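Listed below are the residues making up each chain.
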Amino acid sequence: MKTELVIDLEAEKQEILKRYRALLRASKSTLQKGDKKEIRKAFDMALESHKDMRRKSGEPYIYHPIAVAQIAAEEIGLGTTSIVCALLHDVVEDTDITLEDIEREFGKKTAKIIDGLTKISGVFDTNSSLQAENFRKMLLTLADDVRVILIKLADRLHNMRTMDFMPRHKQLKIASETIYLYAPLAHRLGLYAIKSELEDLSMKYLDPDTYKFIAKKLNEKKAERALFIKKFVEPIDEIVHEQGLVADVYGRPKSIHSIWNKMKKKNIPFEEVYDLFAIRIILDSAYENEKADCWKAYSIVTDLYRPNPDRLRDWVSSPKGNGYESLHTTVMGPRGQWVEVQIRTQRMNEIAEKGFAAHWKYKESSNDNGLDQWIQKVREMLNNPEANALDFLDDFKMNLFSDEIFIFTPKGALIQLPLGATALDFAFEIHTGVGATCIGAKVNHKLVPISYKLQNGDQVEIITSSKQTPKEDWLNIVVTAKAKSKIKSSLKEEKRKIADNGKEILERKLKSLKITYNTDNLQKLSYFFKLPSTQELFVNVALGKIELKDIKEYLNTEKEVESRAPERPENLSVDGIKNKIKGGDSDILLIGEDMQRIDYTLAACCNPIPGDDVFGFITVSDGIKIHRTNCPNAAQLMANYGYRVVKAKWNKQQELTFLTGLRIVGIDDVGLINNITRVISTDFKVNMRSITVDTNEGIFDGSIMIFVNDTEHLENLIRNLLKVKGVTGVTRFDA
Ligand code: MN
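The paragraphs below set out a description of the structure included in this document.

Calculation criteria
Residues numbered from 1 in each chain as written. Predicted model: local features only at pLDDT ≥ 70, side-chain atom pairs only at ≥ 80, totals over all residues. Heavy atoms only, no water. Helix = DSSP H or I, 4+ residues; strand = E, 2+ residues; numbered from the N terminus. Contact = heavy atoms within 4.5 Å. Areas by Shrake-Rupley, 256 points an atom, 1.4 Å probe, with all protein chains shown as cover. Donors = N, O, S within 2.8 Å, 3.2 Å for Na, K, Ca; no water. Buried < 20%, exposed > 50% of the residue type's maximum accessible area, 1.4 Å probe, protein only. Pairing = 2+ DSSP bridges. Axes fitted to C-alpha atoms, helices over the stretch in contact; angles between N-to-C directions. Phe/Tyr/Trp six-rings, centres within 6.5 Å; stacked < 30°, edge-to-face > 60°.

## Considering the overall build of the chain
Link 1 in the chain: Each helix and strand counted, the chain has 29 helices and 19 strands in total.
Link 2 in the chain: By sequence separation, contacts in the chain at least 24 residues apart represent 67% of the contacts at least 6 residues apart.
Link 3 in the chain: Carbon and sulfur atoms provide 50% of the accessible area of the chain, an area that totals close to 37600 Å².

## As for unusual backbone geometry
Link 1 in the chain: Residues other than glycine seldom take positive phi values, yet Asn 267 does so here, at roughly 55°.
Link 2 in the chain: Secondary-structure assignment places Asn 267 in the loop between helix H14 (256-266) and strand E2 (277-283).
Link 3 in the chain: Phi is positive for Asn 444, close to 50°, though the residue is something other than glycine.
Link 4 in the chain: By secondary structure assignment, the location of Asn 444 is in the loop between strand E8 (438-443) and strand E9 (446-448).

## A short note on the coordination of the manganese ion
Link 1 in the chain: The coordination sphere of the manganese ion, as far as protein atoms go, consists of His 64 (NE2), His 89 (NE2), Asp 90 (OD) and Asp 155 (OD), spread over 2.2 to 2.6 Å.
Link 2 in the chain: Going along the chain, you hit the donors of the manganese ion in the pattern H-x24-H-D-x64-D. Of the two residues, His 64 sits in helix H3 (residues 63-74) while His 89 sits in the loop between helix H4 (80-87) and helix H5 (91-94), which places them 25 residues apart along the sequence.
Link 3 in the chain: Take His 89: its relative accessible area is 4%, and that puts it in the buried class.

## Concerning the sheet that holds strand E10 (residues 460-464)
Link 1 in the chain: Strand order in the open sheet formed by 3 strands is E9-E8-E10, and the pairing between neighbours is antiparallel. Both edges of this open sheet fall to E9 and E10, since each of them pairs with a single strand only. Between one strand axis and the next, the sheet turns by 30° as a mean value, whatever way the strands run.
Link 2 in the chain: The sheet contact formed by E8 and E9 spans 3 bridges and is antiparallel. Looking at E9, one finds that Lys 442 is bridged to Leu 447.
Link 3 in the chain: Contacts from helix H20 (residues 423-430) reach E8 and E10, with the element oriented near 85° to E10.

## Some points on the packing of aromatic side chains
Link 1 in the chain: Scanning the entire structure with this criterion turns up 8 aromatic pairs.
Link 2 in the chain: Ring centres 5.8 Å apart and planes at 70° place the aromatic pair Trp 315 and Tyr 324 in the edge-to-face group.
Link 3 in the chain: Exposure remark for Trp 315: the relative accessible area of 18% places this residue in the buried category.
Link 4 in the chain: Measuring from ring centre to ring centre gives 6.4 Å for Phe 428 and Trp 474, while their planes differ by 75°; the resulting arrangement is edge-to-face. Of the two residues, Phe 428 is situated in helix H20 and Trp 474 in the loop between E10 and helix H22 (481-512); the sequence distance between them amounts to 46 residues. In this structure, Phe 428 and Trp 474 share a single accessibility class: buried.

Encoded structure:
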C-alpha cells in the first residue's frame, strides 16, 4: 500500500501490544484457565495474517480486530470464544487463512462462528432481493448461534466509529444500513447502549447539520443542567439511604438521535423537549428483594415529586420481550418541568445495557425468558420456505422496534404480542389452524370482530368455524410477522389451486380454437389482456373475469399486437436507464462519479433545494430522483438499493427557484399575517404559492409554500421572519 506517511514501525509495534493488553484487561472477568493462551494464539494469527494490511486511515489493520474484540468483551460482555472469533473475524475473507486452518487451531465451534461472520460480510452489496436474501441468511446464523450477530454488531460499531476516512458515498451507504437494520437489531437484542451509539453515529453522517445543531444546543446548557440534576437528586439520595437502600442516583443524558426523533414526532423546537436527560436510581439489591426495593424507591421519589399518573411503566413485573426490566415514572420537578425517573437494580441495569449476553449470565435466576421466545419465533419464520425474502425482511423489521402488550388466554396463560396486534394476530399466535379458521373473538367475555385491536391485559377467547379460510384483506388486519406469512402462504396456495383450474379451462379452449398451447402464445395472451403473468391469466380465466369469447377476438387482432411481452421494469439495467436520461441539459445539479449534467427530478417527499446535502436515486420509471440525505426515505433507499444511488452535488446558481415549505407559529396579533407576507414578498421578493393559517384562541399556526434559490436564501428569510413581532418559531417542512 502506498502512503505518504512516514511510519515508525517500532512505535507501532508497541502500540499494538498496548492495545492487546487493554483487551486482556477488558476480558479479565470472564477468563478461565487456558483462555489467555487461546486469545494470545488468535491474536498472533490475526497479527501475522493482516501484517501487510492497513486501514483507510493509514493505521495498521490489526487495530480493527482488536477493537472489535474489545467491544465484544467490554460492551457486550462476551467470553473467550467470542473474543477469539472477533480477533479472527476478517482473516478468512481477507487473507490466505482458511476455515480448515481455524478449525484445526481453535476447534469446530470457533470455525462455525467465523464461517457465519464470513458469509454475512457481503450482506448488503448487490440488488435488493439479493440483499434481503442475504439478510435472511444472516438471521439464520442468529438462529444458529447468536454470537455471530453480536460480533457483527461489534464490527459494525467499530466501523461506524472510524468512518471519517471513508469517501462520502460509502459513509452514506454504511450509515443507512446501520440505521435501517443494525440499530433495530441491537435494540431487539437489548443492547441499548450500542443501539443509541449506532443511531447517533448514523445521524452524524446522514444529517450532519441537525446533528451538530443539537450537539451544540446540548453543550450550551450543560452546566445549568448539571446543577438542576444535582438539586433534583440530592433529597432522593438522602432518603433512599435513610431507608436502608443501597443505591446509585444520577442523571443520564438522552442521545442526540432520540432528542431529534422527539422534535420531529411532536413537531417542537429543541427548547421544548423537556426530557433531555433521565434520572436513574440503580439499586444494589438481593435477588429476592428486587421488586420490593424498586417500589420502595418509587414511593420515595413520588413522595418528593408529584408523578404523572399516565406515565408509570412497570417492566419489573412484566419484562419487555428483549429482557428489559425497569420501573419508569415521570414526575414534576421543582421548576415545573417533567423529569423521567428510571428505577432498577444492578442486575436489571446490566441487562439494560449489555442485553443478550448479560441475560444469559443471569439466566438461572430469571423465570420467563422473552428473548428465548423471540429467537424461537425467528426460527419459525425462517423455517417458512414460502415467504419471499423481501416480504420477510419487511415483516421482520416491523417486529424489531414495536412495543409489546400482554394478553391472557382463557386459561390465564400469558401471550406477548406487539402493540397494535388484533384478535386475529392472537389467533395465529395460538395456532396456525386457529388463525386460519378464526371468525371472531370474545375479549373480556364480549364479542368482537377479528380486527379488534387488543389492549394490554385483555383476556381473549377465539371463535372458529370450519368453513372459514384466510382472506386477502386479512393482511391489513394483522401486524405480526407470523400471522402475515401464514396468511400469505395460504393465499398463495389457494391461488395456485385456482390457477391450475384456469389452466385446464384455457388449455381446452385453445385446443378447440386450434391455437397451440405454448409459452409464447400464453405470453401473448397475457399481454393482450394486460396481465402481469401467465399465472394471473389462468386465475382470471378460472374466475370468469376473461370471457372465453374474447380469446377469439384476440385471434383476430393477433397480427396487430406487437409480438413481444410487456417490458418488465426489472429488465432495465442501471446502465440502460443512465443512457436513457443522459443528454438533458441542466446547469445546477451535477450527478454521478464524473459529475455530469443529467436530467433529474426533485423528490416530492423531501423537496430538496440547492445547498441541501443530496444524493441521486435511479428509479425504475422516472429517471434520477434527487433526495436530501436526511429525507425520511433516504435510509431505506440507500440500505436496500445502494447500487442505484448516485452522487449529486449542487452547482452554485441564482436564476432558478425551488419550492419549499415553512411552518410559522406565534401569538396571533392584528397584522401578524401582513407582517409575515411583507417580509416574504416585499423585503425578500420571494414568490408564495400557497398560505394556510390556523388560528386557535390567539395561537397562530401557518404553513407557507414559497419559492427560494437555495438554503442560504432560505436561512436568511427564516432569520428575518423570526424577527417579526409575535413569531415564536419558524421551521422548514418537507412535503
Ligand atoms: Mn471487520
